Amino acid sequence: MEKEIERKRVAIIGAGLVGSLSSVYFAHRGWDVLLFEKRPDIRKKENFAKLEKRSINLALSQRGISALSRTGLGLDKLILSKVIPMKGRMIHDLGGNQVSQAYGLPHQHINSVDRGMLNEELVNTAASLPNVTVIFEQELKQCDLDSGSLTFSSPEGQEHHYKVDLVFGADGVHSRVRGEIMKKTRMDYSQSFIDHGYCELTIPPKVLETGETDYEIDPNHLHIWPRHSYMMIALPNLDKSFTCTLFAPLDIFDSIKTEAQLMELFEKDLADAIPLIGREALVKEYFTNPKGSLMTIKCKPYHFKGRAVIVGDAAHCMVPFYGQGMNAGFEDVEKFFDILDKSGQGSGASPTDLSLMESCLDEYSTTRHPDVVAICDLALHNYVEMRSSVVSFSYLARKRLEAILHRIAPNCVIPLYTMVSFSTMRYSEVWQRWQRQSNLILNSVIVASSVLGLGSVLAAYFFLKPNTRPPPGQ
Ligand code: FAD
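Residues numbered from 1 in each chain as written. Predicted model: local features only at pLDDT ≥ 70, side-chain atom pairs only at ≥ 80, totals over all residues. Heavy atoms only, no water.

Colleague: Any chance you could break down the packing of helix α2 (residues 62-69) against helix α10 (residues 325-343) for me, citing the residues and the numbers?
Modeller: Packed helix pairs are characterised by how far apart their axes lie and by the angle those axes make with each other. At their nearest, the axes of α2 and α10 sit 8 Å apart, and the two run at 40 degrees to each other. By the angle class used here, α2 and α10 are oblique. Crossing geometry of α2 relative to α10 is assigned as left-handed. When α2 is examined against α10, the residues Arg63, Gly64, Ser66, Ala67 and Leu68 are found in contact with a partner set consisting of Asn327, Phe330, Glu331 and Glu334. Considering only residue class, the contact of α2 with α10 consists of three nonpolar, three polar and three charged. (Axes fitted to C-alpha atoms, helices over the stretch in contact; angles between N-to-C directions. Helix = DSSP H or I, 4+ residues; strand = E, 2+ residues; numbered from the N terminus. Parallel < 35°, antiparallel > 145°, perpendicular 65-115°, else oblique. Left-handed = near helix turned anticlockwise from the far one by under 90°. Contact = heavy atoms within 4.5 Å. Nonpolar A, V, L, I, M, F, W, Y, C, P; charged D, E, K, R; others polar.)

Right, here's the structure in full:
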């Protein structure tokens, strides 16, 4: 009789977006996969109310799509059949006028995707694979990373024990696995909050005379109400509603204590949004919906020996202004398996070679870190762009020039947004290219305008002055 191959066993902690995608990657390579989630089954509607409500929809872009497609199971096509393309920003000014700003070339767009649907599809796909066991309502409580022994507890307080070859921490921003790795390695760690928070609101569908429904505003744009010190954005949903997110300094949230104060702010700055959301609903949602905080977490290394590794928000948390948190988390999984596959350790049937595994995890930590730091920093930078720069003359002039140069020399000048959202170029390279091409554009404009006189040179300098911050990570 043939001896059954002993498969390597991985415990993935967290069946959120990144954990559930990871389980598909591991399963595809023949690992015995245990996917643990502390929450109740997200696929059951009766559990919906118990789940944390955070960013109902998300922007899915090229990096996320690439990671979905690499599963080889058509996940990219499945998800893309349930998204709404957003080809640009729609700027709402104080007077209620709307101006469209394309994100890139006519065929380029990001995608509004429902978080719950995406998570559900990923968990469903994982659960359909024979070598995946999805275990809900078990929270990781303890882990001995040296031996791979894990202890979980259920809501009734029962303890469950497991032993695995690899612990894969996809347990989000408050990661317990990160805490365990931190105890055992010289992990550098930083966490910094910004002074701004967020609150979600809803623009419901418009009801037509026929009784049918439609979108109140154009669904193929990400709508922005940029108000310099703060902003509101809105992303479309398939049910023809929009989810709005009001991002503002915490002082503003703290100062709004009454309906009158809320309406004063909206009437002054966001007047066109009042009839869209509806006065009553606005007041109700604003005072009942949670106010979220925003932070950046950076750490390194992401692993402990050949035994444990963290990905997604567990490894890096960024402010949401580039719409890249999930996309970067999905890309983590793709990059991780590129390294594992290259070494032969990717296969669940190959025996564990702990020292080879350790060098793979080490390579992952080393190569991924500069990219993660770059996107965390770019995400902070983009908040200023979204809430303020998008309406400034210098920004618009620069954008226009970049777009023209991109058409003339597409490999030489690539707009920053295009590199981040429509390519899979390493984030660290995106940052470096951006610095280089900003200087190139500036120098060319100075040379060209010098013929026209000093005034033009100075104007060009102030309009096109590149970001002179040091590279990320320094
Ligand atoms: P999570 O989604 O947090 O999942 C972690 C999972 O682990 C959870 O299900 C949790 O219950 C489980 N867990 C935790 N601890 C344990 C434990 N001890 N035992 C068992 N299970 C555990 N990203 C984008 O790409 N595009 C966007 O447009 C975008 N918009 C955003 C808007 C806002 C307002 C915010 C806050 C974030 C946004 N993001 C966006 C970021 C994105 O939401 C995160 O990057 C993404 O959810 C990270 O996925 P994750 O699986 O790593 O973590």
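Read on for the rest.
Colleague: Tell me what's going on with the pairing of strand β18 (residues 242-249), and back it up with residues and numbers.
Modeller: Of all eight residues that make up β18, eight are buried, and the element is covered over most of its length. Bridge count for strand β13 (residues 188-203) against β18 is eight bridges, and the pairing is antiparallel. By the bridge assignment for β18, Gly197 is matched with Ala248. Of the pairings in the sheet, the one linking strand β17 (residues 231-236) to β18 comprises six bridges and is antiparallel in character. Of the residues in β18, the one forming a bridge with Pro236 is Phe242. Counting the residues that bridge the hairpin from β17 to β18 gives five residues, and of these Lys240 lies at a positive phi of roughly 75 degrees. (Buried < 20%, exposed > 50% of the residue type's maximum accessible area, 1.4 Å probe, protein only. Pairing = 2+ DSSP bridges.)

Colleague: Please set out the state of the cysteines residue by residue, giving values where relevant.
Modeller: Under the defined criterion, the tally for this structure stands at zero disulfides. Cysteine Cys199 shares no disulfide, and the gap to the nearest cysteine sulfur, in Cys244, comes to 10 Å. Not engaged in a disulfide, the cysteine Cys360 finds its nearest cysteine sulfur in Cys299; these two sulfurs lie 19 Å apart. For Cys360, a relative accessible area of 3% translates into the label buried. (Disulfide = S-S within 2.5 Å.)

Colleague: Could you give an account of the site of the ligand, naming the residues involved and the relevant values?
Modeller: In the neighbourhood of the ligand, 28 residues make up the surrounding shell, with Glu37, Ala59, Arg115, Asp313 and Met326 lying closest. Between Glu37 and the ligand, the recorded distance is 2.6 Å, taken from a side-chain N or O atom to an oxygen atom. At 3.0 Å from an oxygen atom of the ligand is found a side-chain nitrogen or oxygen belonging to Asn327. Ranked by residue count, the leading element in the shell around the ligand is α10, at three residues. (Near = heavy atom within 4 Å. Polar contact = N/O pair within 3.5 Å; in protein donor to acceptor, adjacent residues only side chain to side chain.)

Colleague: Which residues make up the sheet that holds strand β4 (residues 84-86), and what are the values?
Modeller: The antiparallel open sheet is built from three strands, whose spatial order is β3-β7-β4. Each edge of the open sheet is held by one strand with a lone partner, namely β3 (57-60) and β4. Strand-to-strand twist of the sheet, defined as the mean angle between neighbouring strand axes without regard to direction, takes the value 35 degrees. Across three bridges, the pairing between β4 and strand β7 (residues 110-114) is antiparallel.

Colleague: Break down the pairing of strand β10 (residues 149-153) for me, citing the residues and quoting the values.
Modeller: The buried fraction of β10 amounts to four of the five residues, a majority that puts the element mostly inside the structure. The sheet contact formed by strand β9 (residues 139-144) and β10 spans five bridges and is antiparallel. Counterpart to Gln142 in the pairing with β10 is Thr151. The antiparallel hairpin formed by β9 and β10 contains four residues in its connecting segment, where Gly148 sits at a positive phi of about 75 degrees. Relative to strand β11 (residues 159-163), β10 runs antiparallel, the two being bridged by five bridges. The residue bridging Thr151 from the neighbouring strand is His161, located in β11. Once β10 ends, the chain turns through five residues before running back antiparallel as β11, passing Gly157 with a positive phi of about 90 degrees.

Colleague: Please provide a residue-by-residue account of the nonpolar core, values included.
Modeller: Judged by nonpolar contacts, the single largest core of 110 residues is most densely connected at Phe26 and Phe330. Looking at this core element by element, the count peaks at 12 residues for helix α11 (residues 354-387). With residues up to four places along the chain from it excluded, the contact list for Phe330 reads Leu17, Val18, Leu21, Gly64, Ala67, Leu68, Leu118 and Leu122. With 29 residues, the next largest nonpolar core counts Ile203, Trp225, Phe242 and Ile256 among its residues. (Core = buried A, V, L, I, M, F, W, Y, C linked by side-chain atoms within 4.5 Å.)

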